[in-house]
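The chain contents come next:
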Amino acid sequence: MTVTVHRGARQIGGCCTEIATGRTRILIDAGAPLPGEQCEPLCFPQADAVLVTHYHGDHTGELGNLPDGVPIYMMKSCKWILQKYRERMGSEYCRGVDLDAIRTVQNKAPFCVCDICITPIESDHSSFQPVMYLLEADGKRVLHTGDFRLHGPHREPLMDALRGLGHIDLLITEGTSLTRDDGWTEEQVGAELAKLIRRYKYCFLLTSSGNLDRIDTFAQQIPQGRYFLVDAFQKDLIDIARAHSEAGPNYLKKALTYGKNLAEKMDQRGFGMVVRANSAFKEIVSDYIRRFPENTCLVYSMWSGYQELDGIHSFLALFGKNVRTVHSSGHVSARDLDEFISGLNPDKILMIHTQAEPKDIAITHKSRLLTASDGETVYL
């Protein structure tokens, strides 16, 4: 068994990792680099399958550049969400990918591609139903975590799944937060949102449309009698999540689609509304800031770096002093990552999706850390 990080050994975006035997080559993710990441275009090798961990663009953005005919596997909810994004954004989204032909996987349901046995394990991230992949072949077992965290609402199911996993020869794990502060937990986010929704009658949430657990956290804090409002696109994503969630009927249960027919009742009752930084929402929020400046706020709930983007910067400026930042990362903290590695106890560790240099990675089992650059092959 061999492992090659085609891209992602020293950067966060544009991930693609290859796991191969003498007969089979599998790629995990085919992502686009993040804005500002300088890297050469990636020439993807021919492969027997591509496994997608989740729908974020730094993991799916270059699926259309794969060689023709390579089968793509992902969770069914991930496939449906990508289809909704294409419907909204046009044919250029995931250009070259036949979304209908994508094959779907199920949590904890093993399947084989030639001589490699693969088990998806539902994880926890700032996307809906991300997965880790356990790959077994040639007497070796490799766990690829994808992006994950241990401070979100799905920590316990994930940890339960991993406790019975058995021996791991190689752990391939993300290390995004090794160069960032740990930040808040999702539970702390919920508590702060509850305070703000009690304080402000009209509360807007600016977050990623695909961060459905964050949107659920927001929705659960809205008191009875107030509206939980979204637009039609966000409602489509919510409906997909509700159809696939194992969290029960309370998950995102109160979402209504915004319409001007609700305007009078919105003024009377108050609301929590999920927004995006576009012209349609600018019109709505500008009206409320003008009419109810003391009772309106915007909760900014994304990575701080996005505030520098022109569209988001101008959107935040509409609220002036009425912006509150309440956010929890989708990535595992440095402390949790160290505990995770110690609990899993793999023979070897390969860090990807990180800007940290190997010498700066402080983990308990650093002696097991492999140092491989992009394009370099590791033999198990």
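Up top you'll find the structure we're talking about.
Residues numbered from 1 in each chain as written. Predicted model: local features only at pLDDT ≥ 70, side-chain atom pairs only at ≥ 80, totals over all residues. Heavy atoms only, no water.

Peer 1: If you had to explain helix α10 (residues 334-344) to someone new, which residues and values would you point to?
Peer 2: Among all positions of α10, only D336, L337, D338, F340, I341 and L344 are buried. Contacts made by the buried residues of α10 are with β9 (131-137), β10 (140-144), α3 (155-163), β11 (170-174) and β18 (348-352). Of the residues flanking the end of α10, it is N345, one or two places downstream, whose phi is positive at about 55°. (Buried < 20%, exposed > 50% of the residue type's maximum accessible area, 1.4 Å probe, protein only. Helix = DSSP H or I, 4+ residues; strand = E, 2+ residues; numbered from the N terminus. Contact = heavy atoms within 4.5 Å.)

Peer 1: Before we move on, can you summarise the environment of V274 with the specific residues and values?
Peer 2: Along the chain, the position of V274 falls in strand β15 (residues 271-275). The spacing of V274 and V299 is 25 residues in sequence and 9.5 Å in space, taken between C-alpha atoms.

Peer 1: Summarise the sheet that holds strand β3 (residues 25-28); cite the residues concerned and give the values.
Peer 2: Here we have 7 strands laid out as an open sheet, ordered β6-β5-β4-β3-β2-β1-β20, and mixed in their pairing. The open sheet terminates on both sides in strands that have one partner only, identified here as β6 (103-105) and β20 (377-379). Direction aside, neighbouring strands of the sheet carry axes that sit 25° apart on average. Here strand β4 (residues 49-51) runs beside strand β5 (residues 72-75); their pairing, made up of 2 bridges, is parallel. (Pairing = 2+ DSSP bridges. Axes fitted to C-alpha atoms, helices over the stretch in contact; angles between N-to-C directions.)

Peer 1: Now, about the packing of helix α2 (residues 76-89) against helix α6 (residues 232-244): what can you tell me, with residues and values included?
Peer 2: Relative orientation of the contacting elements α2 and α6 amounts to 170°, with a least axis distance of 10 Å. Taken together, α2 and α6 sit at an angle that is classed as roughly antiparallel. Along its contact with α2, which presents K76, S77, W80, I81, K84, Y85 and R88, the element α6 presents F233, D236, L237, I240 and H244. Here the residues of the contact of α2 with α6 sort into 6 nonpolar, 2 polar and 4 charged. (Parallel < 35°, antiparallel > 145°, perpendicular 65-115°, else oblique. Nonpolar A, V, L, I, M, F, W, Y, C, P; charged D, E, K, R; others polar.)

Peer 1: Would you mind going over the pattern of salt bridges in detail, with residue names and values included?
Peer 2: A side chain of one charge can pair with a side chain of the opposite charge when the charged atoms of the two come close. Applying the stated criterion across every chain, the model contains 22 salt bridges. With a closest N to O distance of 2.8 Å, D287 and R290 form a salt bridge. Of this pair, D287 and R290 are both found in helix α8 (residues 279-291), 3 residues apart, which corresponds to roughly one turn of the helix. Among the charged side chains, a salt-bridge network with shared partners connects D124, R149, E186 and R214. (Salt bridge = Lys/Arg side-chain N within 4 Å of Asp/Glu carboxyl O.)

Peer 1: Which residues make up helix α4 (residues 186-199), and what values do they have?
Peer 2: Compared with the 20 Å implied by 1.5 Å per residue over 14 residues, the 20 Å span of α4 between its first and last C-alpha is a close match. Listing the buried residues of α4 in full gives E186, V189, G190, L193, A194, L196 and I197. Contacts made by the buried residues of α4 are with β12 (202-206), α5 (212-221), β16 (296-300) and β17 (323-325). (Expected span 1.5 Å × (residues − 1).)

Peer 1: An account of the side chain of R276 is needed here, citing residue identities and associated values.
Peer 2: Within the secondary structure, R276 is located in the loop between β15 and α8. A polar atom in the side chain of R276 sits 2.5 Å from the side chain of D231. Not counting residues up to four positions away in its chain, the partners in contact with R276 are R88, L206, S209, D231, F233, Q234, F281 and F315. (Polar contact = N/O pair within 3.5 Å; in protein donor to acceptor, adjacent residues only side chain to side chain.)

Peer 1: Break down empty space enclosed by the protein for me, with residues and values.
Peer 2: This structure, assessed with the given rule, holds 2 cavities of 30 Å³ or more. Considered as a void within the structure, the largest cavity measures approximately 60 Å³ in volume. For the largest cavity, the full set of lining residues is A9, R10, L350, M351, T354, A356, P358, I361, L369, L370, T371 and A372. Only β18 and β19 (369-370) provide two or more residues apiece to the lining of the largest cavity. Among the residues forming the lining of the largest cavity, the class breakdown is 9 nonpolar, 2 polar and 1 charged. Within this model, the second largest cavity holds a volume of roughly 40 Å³. (1 Å grid on protein atoms, 1.4 Å probe; cavity = no way out; pocket = protein on both sides within 12 Å on 5 of 7 lines; lining within 4 Å. Points joined across faces, edges and corners; volume = space filled by probe spheres on them.)

Peer 1: Tell me about the packing of aromatic side chains, and name the residues and values.
Peer 2: Going through the model one piece at a time under the given rule, you end up with 16 aromatic pairs. On the basis of an interplanar angle of 35° and a centroid distance of 5.7 Å, the ring pair of Y85 and Y93 is categorised as tilted. As far as the burial class goes, Y85 and Y93 line up, both buried. Both rings, one in Y202 and one in Y288, keep their centres 5.0 Å apart while their planes meet at 50°; by these two values the pair is tilted. Placement of Y202 in strand β12 and of Y288 in helix α8 is noted, with a sequence separation of 86 residues between them. Each member of the pair, Y202 as well as Y288, carries the same accessibility label: buried. (Phe/Tyr/Trp six-rings, centres within 6.5 Å; stacked < 30°, edge-to-face > 60°.)

Peer 1: Which residues make up unusual backbone geometry, and what values go with them?
Peer 2: Positive phi, normally seen in glycine, also occurs at Q129, with a value near 50°. Even without being glycine, H353 reaches a positive phi, approximately 55°. Within the secondary structure layout, H353 lies in the loop between β18 and β19.

Peer 1: I'd like a rundown of a nonpolar patch on the surface, residues and numbers included.
Peer 2: Side chains of W303, Y306 and L309 sit close together on the surface and give an oily, nonpolar patch of about 290 Å² of accessible area. As for its placement among the helices and strands, L309 is situated in the loop between β16 and α9 (310-317). Among the residues examined, L309 registers a relative accessible area of 44% and is labelled partly exposed. (Patch = residues over 30% accessible without salt bridge, like charges linked within 9 Å, V, L, I, M, F, W, Y side chains within 5 Å. Areas by Shrake-Rupley, 256 points an atom, 1.4 Å probe, with all protein chains shown as cover.)

Peer 1: Tell me about the nonpolar core, residues and numbers included.
Peer 2: In terms of nonpolar packing, the biggest core is built from 77 residues, with L135, L212 and F228 touching the most fellow members. A total of 5 residues in this core trace back to one element, the largest contributor, which is α6. Excluding residues within four positions of it along the chain, F228 makes contact with I215, F218, A219, I222, I238, L252, K254, A255, L256, G272 and V274. With 24 residues, the next largest nonpolar core counts I121, L162, L165 and I341 among its residues. (Core = buried A, V, L, I, M, F, W, Y, C linked by side-chain atoms within 4.5 Å.)

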